[in-house]
Amino acid sequence: MKWYPKEHFEKVEQITIQFLQKNKIKVLILDVDNTLIDYNRNLSESIIHWAEELKQQGIKLYILSNTNHKEKVEEVAKALDIPYRNLAKKPFKKGFLKIQHELEEEAENIGVVRRPNLYRYHRRKSM
């Protein structure tokens, strides 16, 4: 799996529906720490609103975190009403592929957001 940094945003809420539609992104896989919550574990109202707006526009959101603090990830996922996986062992591809398979989406339509860079990943096609 190759990662392609595509964009940098000052904060995750700057990723707009227009940007996602223009880039044919239908799924955002999100990190928790320093992406959805700050160092003090605060989840802002602006992120809650942002997530709700994207979901209303048909964007699927999913949390994939390396943390072993399941309760932290679960709390954020419940607040945003989105699925999650912890202990992801990123950057290994297994967690990403599970989400891709679960959501039945092509890799080209998935964006990965981490601190708050947006990455695209593509699987190499078999020859």
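Whatever comes next refers back to the structure up there.
Given the structure is predicted, the values throughout are model-derived calculations rather than measurements. (Residues numbered from 1 in each chain as written. Predicted model: local features only at pLDDT ≥ 70, side-chain atom pairs only at ≥ 80, totals over all residues. Heavy atoms only, no water.)

Student: Provide a residue-level description of the overall build of the chain, including the pertinent values.
Tutor: Counting secondary structure elements, the chain contains four helices and six strands. Scanning the chain from its N terminus toward the C terminus, one meets helices and strands in the order β-α-β-α-β-α-β-α-β-β. When burial is assessed residue by residue, the chain has 43% of its 127 residues classed as buried. Restricting to contacts in the chain with at least 6 residues of sequence separation, those with at least 24 account for 64%. Only carbon and sulfur atoms are counted for the fraction: they give 47% of the accessible area of the chain, which is about 7900 Å². (Helix = DSSP H or I, 4+ residues; strand = E, 2+ residues; numbered from the N terminus. Buried < 20%, exposed > 50% of the residue type's maximum accessible area, 1.4 Å probe, protein only. Contact = heavy atoms within 4.5 Å. Areas by Shrake-Rupley, 256 points an atom, 1.4 Å probe, with all protein chains shown as cover.)

Student: Can you explain helix H3 (residues 70-80)? Please cite residues and give values.
Tutor: Looking at H3, one finds that the buried residues are Lys72, Val73, Val76, Ala77 and Leu80. For H3, the buried positions fall inside an angular range of 130 degrees around the axis, keeping them on one side. Seen from the open side of H3, the exposed residues pointing more than 90 degrees away from its buried face are Glu71, Glu75 and Lys78. Along its buried surface, H3 packs onto helix H2 (45-56), strand E3 (60-64) and strand E4 (84-85). Asp81 sits one or two residues past H3 and shows a positive phi near 55 degrees. (Arc of directions from axis to C-beta.)

Student: Quick rundown of unusual backbone geometry? Include the residues and the values.
Tutor: Phi angles above zero are rare outside glycine, and Arg41 is one such case at about 70 degrees. As for its position among the elements, Arg41 is in the loop between strand E2 (27-30) and H2. The backbone of Asp81 sits at a positive phi, close to 55 degrees, despite the residue not being glycine. Looking at the secondary structure, you find Asp81 in the loop between H3 and E4. Look at Asp81 and you get exposed, because its relative accessible area is 62%.

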